[in-house]
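Topology and contacts: notes
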Amino acid sequence: MPNANAQQQAPRRARPHSMSAIELPGQNLTLEETLRVMDVAREMRDQRQTAEEMFRHDDVRTNLRKKLTRAAQLSGDNVTEAEIDAAIDQYLSTLHTYEDPEPGLKSFLAHCWVWRDRILYGAGTLAAASGLLWYLFA
């Protein structure tokens, strides 16, 4: 039986005698690998905390209502709970919205600052081309 001989000739893998001899994944990590795993764990913790804060929307609303009520009482304003709730609803509905800035000199200067590299390279290219044309045809 050639199959039986082939199976007998194949080297057998040695099984460990105890559970302590088994190497677990991640047991012998280098310092770089350990730091990478810790970075992943830290990032997961930070993302979990951010998600928990986002889901505590009712707590934020309750705390904001208490602060606004206390501020209204201290300032002597006669504000009802319905007005406070309406103000909170309006505030939270526009909390994470984007509006384009008004056009004007300030926004133009901001765009120029953001695109300063392109503007400088373009101006340098135009200056070099005009200098070359002046030199060749003058």
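Read on for a plain summary of the structure. Note that the structure is predicted; figures quoted are calculated from it, not measured.

1. A word on the packing of helix H3 (residues 57–75) against helix H4 (residues 81–93)
Where H3 meets H4, the axes come as close as 10 Å, and the angle between the chain directions of the two elements is 130°. The angle between H3 and H4 falls in the class oblique. As for the relative orientation of H3 and H4, their crossing is right-handed in sense. Packed against H3, whose contacting residues are His-57, Arg-61, Leu-64, Arg-65, Leu-68 and Thr-69, the element H4 presents Glu-81, Ile-84, Asp-85, Ile-88, Asp-89, Tyr-91 and Leu-92 at the interface. For the contact of H3 with H4, the residue count by class is six nonpolar, two polar and five charged.

2. A closer look at H4
Counted at 1.5 Å a residue, the expected span for H4 with its 13 residues is 18 Å, and the 18 Å between its end C-alpha atoms agrees. Those residues of H4 that fall on the buried side of the exposure criterion are Ile-84, Ile-88 and Leu-92. Each buried residue of H4 sits inside an arc of 65° when the element is viewed along its axis, so together they form one side. Away from its buried face, by an angle of more than 90 degrees, H4 presents the exposed residues Ala-82, Gln-90 and Ser-93.

3. Examining the side chain of Ser-107
As for its placement among the helices and strands, Ser-107 is situated in helix H5 (residues 105–114). A polar contact is formed between the side chain of Ser-107 and the backbone oxygen of Gly-104, at a distance of 3.1 Å.

4. Some thoughts on the pattern of salt bridges
A side chain with one charge may pair with a side chain of the opposite charge, provided their charged atoms come close. For the structure shown, the criterion picks out five salt bridges. Of the charged contacts in the structure, one is a salt bridge between Arg-61 and Asp-89, with a shortest N-O distance of 2.5 Å. Highlighted residues: Arg-61 in helix H3 and Asp-89 in helix H4, separated in sequence by 28 residues. In this structure, Arg-65 and Asp-85 form a salt bridge, with 2.7 Å as the shortest nitrogen-oxygen distance. Here the residue Arg-65 occupies a position in helix H3, and Asp-85 occupies one in helix H4, the gap between them amounting to 20 residues. Residue class for Arg-65 comes out partly exposed when judged on its relative accessible area of 24%. For Asp-85, a relative accessible area of 25% translates into the label partly exposed.

Calculation rules
Residues numbered from 1 in each chain as written. Predicted model: local features only at pLDDT ≥ 70, side-chain atom pairs only at ≥ 80, totals over all residues. Heavy atoms only, no water. Axes fitted to C-alpha atoms, helices over the stretch in contact; angles between N-to-C directions. Helix = DSSP H or I, 4+ residues; strand = E, 2+ residues; numbered from the N terminus. Parallel < 35°, antiparallel > 145°, perpendicular 65-115°, else oblique. Left-handed = near helix turned anticlockwise from the far one by under 90°. Contact = heavy atoms within 4.5 Å. Nonpolar A, V, L, I, M, F, W, Y, C, P; charged D, E, K, R; others polar. Expected span 1.5 Å × (residues − 1). Buried < 20%, exposed > 50% of the residue type's maximum accessible area, 1.4 Å probe, protein only. Arc of directions from axis to C-beta. Polar contact = N/O pair within 3.5 Å; in protein donor to acceptor, adjacent residues only side chain to side chain. Salt bridge = Lys/Arg side-chain N within 4 Å of Asp/Glu carboxyl O.

By themselves, these are just geometric observations and shouldn't be taken as functional.
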